Every structure is written in structure tokens, then in C-alpha cells.
Amino acid sequence: MKRDAYGRLDENSYPLFHQVAPTPPSTPWAIRLADVSGTFRLLCFDFDGKEAGAVSPELMERAVDDCDELSALLTEHGVSHVVCQSSGSGGRHIWIAPQDAAPAPLVAALARAARARFRTLDHGMLCNPAEGAARPPLSPHRDGSASLILRGTVETLTARDASVSGLVQVTKALEVTRPALRQHDSAPSGPTDERHRPHRRLSRAGEAHMSTIDGGTNPSWTGFMCLLSAAVAKWSLRDVEHAARTAPGMEHYRTKNTGRGSRRKRDPREAQARLERQWEKARQYAALYQSLPQEREPQDFTELIGVVDSVSDILHRLQVTPGRWSSEAGQSRRSILQALAYLTLQTGKRVVAASIRDLALATGLGRTTAATALQALERDRFIQRISAADEGNAAQWRLTPPISTDSNTVRSQLLNNPRPPAGFFDKRAELVTQLEQSLLDSRHDLFTRAGLGHRAGTLFARLSHEVSVTVDSAAKLLGVSPRHTATILSRLRHHRLIIRQGNGWARSKRDFRDYAARAIGVTGYLQGRAERYEAERQTWAWWLAELDTMNSSPTARPRRPHVTSRPLFADAPGERIWPRYPRDTDARADHKSARQLVLEGALNPESRFQYVGAA
């Protein structure tokens, strides 16, 4: 590592090359993982808990658990390795020295499979045989600390006894345990206690996560899956607090990984604060999942390959043409396009049904802004409208596929259904994660029009990928004047969402969006919008049912519920029987009263007081 003009070591940059010598350099140094032929002589799995260049305690603890899980998997398959603490911040390195070296395609497949399983893994160096490098064990770090060996010895690496066949088996095991696209539907990370039953209803996968003994092989991942399953099932914070005290799978919120193979009890205040922060994060994921249809297994890999290619092309076009999306309208179009791409990847279908309100809720925009963005994207040929909205059915959309001359991609060929290429599902999972994180970063009560605005949310999301930004560079990203950009940065700084770093601005180590939303008075803004949109949907469905009743013969009309009738279950099977639509004094439909009744819950089967029609 080369010092700057002031003699400081501020960046991880290794511009100078030297042959290996008996005397190590005086500054931090790294070693190439592959030789000149592109064959890997060493493998380094880098687990880091940093977010936008700053250390996150919660992510660092997740990185330690991820490292322990991969280490256990390597041990299970007889792959010798060394585990190091990379620096004083607490990151982890796993070093492997293959016997006969490992070819680049095999290492890339292993890296992609590991990245799909472990979100804190930086796998870039393992996918770059030409430039991939890492600081070896015992080498110094620029913060003054050094890499410490936690498990294994240096002789393990010099002996070079890790079998390549074992790495192949580890890759297969990681592919089998790859998390589901909707994370809470993943398989548990360890054996479960069949005797444990949650106190409220959960999905089958959620019950498995809750009953995972001691949190399984990765307690932090299992704990968040418990929260995510509870958020999807619409639990409250009090329900989650009860589960944190009793559920085996929520061990992460009771004890802490010491990094030495044991766990210690958490401080009650720290445990409660961590639970509340991650519960809010789980609720954000659950709100994003609400717009997704029921998951299905892909039947046609030709179609799925085309979907992934289309999304990759869209993301590439977003990256190489930043000027197109710099305006406020452009940023709204970008968010809607990302939401459609995310929905396409999740369903695995080229054509997806997406209502304007669902897309608006997924991006944090209003429904009129979302509708305008859809029209602009269709006009610019980024998307195609396959069919318009029809009564209660949403419009169908399709991402414009990239130009191709391959005749086999004209339409699905069920009889010629090729096997997906190696690493295809890992690539799909990586794209889903990328889009998911981008949507979640900017989707918050604080970044609505009543708060700091969508531009502030866009800049906040961009800072997760940038070490820091100046006023001028941020102005180019947002497409506004430096003066306007300075105002946005000032508001973010006022609410402690960004901090000064060098000559620019970076994201704070802690996420204060919830505190800022409470200070401004916009907490629950998106939840209220979702409730209003749901009331509008129910009112529309009620009116369509009323129209069907009006236009049918008296003998074919459904029987109205009597004032004394009470349904036993909210999700009773069969077609829903709606009460008589409210009317005004002139016998005209009173849509305002109907919407108010829906908002008050008068049509909810579980409500104590129900509306059964005017007398």
C-alpha cells in the first residue's frame, strides 16, 4: 500500500508490485490469489460488516456468523482452511490453499454460490483471476492492527492439502442450501425442535425458523428470518418480543457471538434496541413482498433465461445512461422500472400483472406519479403494455427484451427446454438482492413528498454504493444545480443521516431514518397510503359486485346476508357475498359512504360491527 502525499494510508490501494522477499514491507500489503495463467493458488473469502465504507456492528456480527457457517461447511467436507480476523474492526477471512491449484471457473462458481448464501461476503476477488488480491494472515492493516489467526495455522496453507474435489462438494452443498428469493421461505439453518409452537399463526417455513435449535448454524440469519416471517404474518412488536424470549430460533437476540466459538448473554437494553431496529427492517421487506404474487416453480427455463437476460440488460442501461434518469421525473421512472424488473425476476415470467397502486407502494411513490412514469417508460420503449387493466384485473407489462438474433428465443419451447448455465440461479439471486436493496433504501416515510422528498431518498440509496460524494458529484447524480443539491445534503445532515468524510459526505454509521420521520411527523405515511389504496380496491370490488347484481335477473342474484348472520371465519371458502351498496336519498350509489365504511372496517368479517346494507 502506497502512502499519500501527507504520509497517510487512507485507502485500500496497492499500486506497486514486488517479488516475494524475506523481509515484509513496512506498509500494508496484499498477495495475488492467482498466477499468471489465471489458476488460483490461494482462495480468500472476505466477510465484512461495512456499509458505505463504515463499520456496522450488526452487519459485523452477521459477518462473523456467516464465516462460522462456511468454516463448519468446509470442515464437514474435509477442506482444510485458516480463519483470520482481518483487522481490528472484526472482519473475517477464510484462507484455503488447494493441492493442485484451482481453475478460475470452479472458483467463480464457488464464489457465486457462497455469495448467494452469505450476504456479507465480498466475492469480487475470487471472480477476478487477473487482479484478485487480499492481505495474507499476520499482515498489517492500515488502521494499525494486523490480521490474526483464530483457527488453523500458517502451516495449513504452506502444506497445500485442500482437495479440489472437496471444493466441488462444498459448491454443491451451497447450491442446495441457497436461500429462496423470498428469504423467509428458505429452509432452516439447522435441526428444529418439533415441540415448539409459536403463540400466533405463522407460515410453515416461519415455524421452522422459530423452532431452529440455538439459531442453527447461523443464528443472526435465522433470527432475522424469524422477524421477517412474523412481519409477513402481520405480527406486532409485542408478539415479536414474546417470541424473542421463548423461541429457540431467536437465540441471536438473547446472546451474542464472542468470535471464539461461544456465545454470551446480551445486555437487555442493547438486545431490545437491536430487536426494534431489525423489526423495522423486517417490516420494510414485508411491505415490499406484499406486491408479489404467489411464488411458483419455473417450468420453462428458456423463458427464465430470457427474463434474467432482460433484467441484466435493463440494469446495464440504467448504469451507463445516468443522465436520462437525473431529473425528478427520471428518478421516478427509474424506481418504477426497477420495481417491474424485481417483479419479473421474482415471478420468473416475461409478462407480469402489476397494478399502478402495487408499483406505487413498492417504490414509495404516489399512484399518479407511478402512472405517469409507466406511460413515459412505455413511450420510451423500456416496457411494453401487453393488456390494459380490465375491471378487477391489473394491466400486464413486459420488459422490452434485448435485441437478439437467436431463433430459439422467439417463443417458449417446452420440448426443447435447455438446462440453465452454471451459476444461473446464483446470478438471478444476486440481481434480486441488488434490486431489493435499491428499492428498500429509498422506500421510507421520510422520503415521501411530505418528508424530504424522493430526490433525498435517491441520494441516500446511492450513498450505500459510494464511499462519499461531494456537492458537485451529487449534483450530477441528481441532475439538479449545486445549490439545490446543497439544500438536500443540508437536510440529510440536519437529521444525522450523513456525516462529513474528507471533502465529501457519507452515510452515517447508524440509520436514523425512523427518528427523522418521527421528528418531521411523517411516521406511518406509507402505511396510511397502503390502507387507503386497499380501501379503494375493496370499494371498487364492492361496486363491481353491485353492478353484477343489478344487471342479473332476480333469480340469479346472490342471497344477501341477514342482519343476524355472522361468518365464523375470515377466510371462509367460496365467493364473497357483498352487502347492499349504500345509496343516497336519490337512490344513487354513494361511493363516498362506501369508502368510509370500508375504511372503518365495517365489511371485515372479523369486525364486531358489520354493515349489512341500508334498511
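Because the structure is predicted, anything quoted here is derived from the model rather than measured. (Residues numbered from 1 in each chain as written. Predicted model: local features only at pLDDT ≥ 70, side-chain atom pairs only at ≥ 80, totals over all residues. Heavy atoms only, no water.)

(A) Inspection of the nonpolar core at higher detail. Within the largest apolar cluster, 68 residues are counted, with the highest numbers of intra-cluster contacts made by Met250, Leu337 and Leu340. Here this core gathers at least three residues from each of two domains, domain 2 (204-290) and domain 3 (301-403 + 423-443). Residue contacts for Leu337: discarding those within four places in its chain leaves Ile314, Leu318, Trp325, Leu377, Phe382, Ile383 and Leu399. With 39 residues, the next largest nonpolar core counts Val79, Ile96, Leu167 and Val170 among its residues. (Core = buried A, V, L, I, M, F, W, Y, C linked by side-chain atoms within 4.5 Å. Buried < 20%, exposed > 50% of the residue type's maximum accessible area, 1.4 Å probe, protein only. Domains from an automatic or database assignment. Contact = heavy atoms within 4.5 Å.)

(B) A look at the environment of Gly261. For Gly261, the location among the structural elements is in the loop between strand 10 (255-257) and strand 11 (263-265). With relative accessibility at 75%, the residue Gly261 sits in the exposed group. Gly261 sits 193 residues away from Asp68 along the chain, and the two C-alpha atoms are 8.5 Å apart. (Helix = DSSP H or I, 4+ residues; strand = E, 2+ residues; numbered from the N terminus.)

(C) Expanded view of the pattern of salt bridges. Under the criterion given, the structure shown has 29 salt bridges. We note a salt bridge from Glu69 to Arg117, for which the minimum N-O separation is 2.9 Å. Within this pair, whereas Glu69 is found in helix 1 (residues 57-76), its partner Arg117 is found in helix 2 (residues 104-117), the two being separated by 48 residues in sequence. With a relative accessible area of 11%, Glu69 lands in the buried category. Notably, a salt bridge pairs Glu378 with Arg385, separated by 3.3 Å at the nearest N-O pair. Residue classification places Glu378 among the partly exposed residues on the basis of a relative accessible area of 30%. (Salt bridge = Lys/Arg side-chain N within 4 Å of Asp/Glu carboxyl O.)

(D) Looking closely at the state of the cysteines. Scanning all chains against the criterion turns up zero disulfides. Here Cys44 is not cross-linked by a disulfide; its sulfur's nearest cysteine counterpart is in Cys84, at 8.2 Å. Classification of Cys44 by relative accessible area gives buried; the value is 0%. No disulfide involves Cys67; its sulfur sits 9.1 Å from the nearest other cysteine sulfur, which is in Cys84. On the accessibility criterion, Cys67 (0% relative accessible area) is buried. (Disulfide = S-S within 2.5 Å.)

(E) Quick peek at the packing of helix 14 (residues 454-462) against helix 16 (residues 482-494). In contact at an axis separation of 10 Å, helix 14 and helix 16 are set at 75° when each is read in the N-to-C sense. The angle between helix 14 and helix 16 places the two elements in the roughly perpendicular class. Along its contact with helix 14, which presents Arg455, Ala456 and Leu459, the element helix 16 presents His484, Ile488, Leu489 and Leu492. Considered class by class, the residues forming the contact of helix 14 with helix 16 number five nonpolar, one polar and one charged. (Axes fitted to C-alpha atoms, helices over the stretch in contact; angles between N-to-C directions. Parallel < 35°, antiparallel > 145°, perpendicular 65-115°, else oblique. Nonpolar A, V, L, I, M, F, W, Y, C, P; charged D, E, K, R; others polar.)

(F) Main features of the pairing of strand 14 (residues 396-399). Burial along strand 14 is one-sided: the residues Trp397 and Leu399 are buried and none of Gln396 and Arg398 is. Two elements, strand 12 (residues 351-353) and strand 14, share three bridges in a ladder whose sense is antiparallel. Counterpart to Val351 in the pairing with strand 14 is Arg398. When strand 13 (residues 383-387) meets strand 14, the two strands line up antiparallel, connected through four bridges. What sits directly across from Ser387, in strand 14, is Gln396. (Pairing = 2+ DSSP bridges.)

(G) Here's a closer look at the sheet that holds strand 12. Strand order in the open sheet formed by three strands is 12-14-13, with antiparallel pairing between adjacent strands. One side of each edge strand has no neighbouring strand; the edge strands of this open sheet are strand 12 and strand 13. Averaged over all pairs of adjacent strands, the angle between strand axes in this sheet comes to 35°, irrespective of strand direction. On top of the sheet, helix 12 (residues 367-379) reaches strand 13 and strand 14; it is set at about 105° to strand 13, its chief contact.

(H) Inspection of unusual backbone geometry at higher detail. Phi at Ala101 is positive, roughly 70°, even though this residue is not glycine. Relative to the assigned elements, Ala101 resides in the loop between strand 6 (92-96) and helix 2. Non-glycine residue Lys234 carries a positive phi angle of around 65°. With respect to the element layout, Lys234 can be found in the loop between helix 6 (219-232) and helix 7 (237-246). Overall, the relative accessible area of 58% leaves Lys234 in the exposed class.

(I) Representation of the environment of Gly215 in the model. The topology assignment puts Gly215 in the loop between helix 5 (204-210) and helix 6. On the accessibility criterion, Gly215 (0% relative accessible area) is buried. Sequence separation of Gly215 and Glu251 is 36 residues, and the distance between their C-alpha atoms is 5.4 Å. Beyond its immediate chain neighbours, meaning those up to four positions away, Gly215 contacts Ser189, Thr222, Pro248, Gly249 and Glu251.

(J) Focus on the sheet that holds strand 7 (residues 121-122). In spatial order, the strands read 7-2-6-5-9; together these five strands make up an open sheet with antiparallel pairing. Edge positions in the open sheet fall to strand 7 and strand 9 (148-151), since each of these has one partner strand only. Pairing of strand 2 (residues 43-47) with strand 7 involves two bridges; the strand directions are antiparallel. Pairing of Asp46 across the sheet is with Asp122, part of strand 7. Along the sheet, helix 1 contacts strand 2, strand 5 (82-85), strand 6 and strand 9; its crossing angle with strand 6, the most-contacted strand, is approximately 20°.

(K) How the structure looks around the pairing of strand 16 (residues 504-507). Bridge count between strand 15 (residues 498-501) and strand 16: four bridges; the pairing is antiparallel. Paired with Ile499 across the two strands is Ala506, which belongs to strand 16. Between strand 15 and strand 16, which pair antiparallel one after the other, the connecting turn spans two residues, and Gly502 there sits at a positive phi close to 65°.

(L) Broad picture of the packing of aromatic side chains. Taken as a whole, this structure holds 10 aromatic pairs when the rule is applied. Between Phe224 and Tyr285, the aromatic rings sit 5.8 Å apart at their centres with planes inclined by 75°, giving edge-to-face as the arrangement. Of this pair, Phe224 sits in helix 6 while Tyr285 is found in helix 8 (residues 268-289), placing the two residues 61 residues apart along the sequence. The same class applies to Phe224 and to Tyr285, which are both buried. With centroids separated by 5.3 Å and ring planes inclined at 75°, the aromatic side chains of Phe424 and Phe425 adopt a geometry described as edge-to-face. The class for Phe424 is buried, based on a relative accessible area of 5%. Phe425 gets classed as partly exposed once you look at its relative accessible area, which sits at 30%. Through a chain of ring-to-ring contacts, three or more aromatic side chains come together here, namely Trp542, Trp543, Trp578 and Tyr581. Positioned above the aromatic ring of Trp221 is the side chain of Arg117, whose terminal nitrogen or guanidinium carbon lies 4.6 Å from the ring centre. (Phe/Tyr/Trp six-rings, centres within 6.5 Å; stacked < 30°, edge-to-face > 60°. Lys NZ or Arg CZ within 6 Å of the ring centre and 35° of its normal.)

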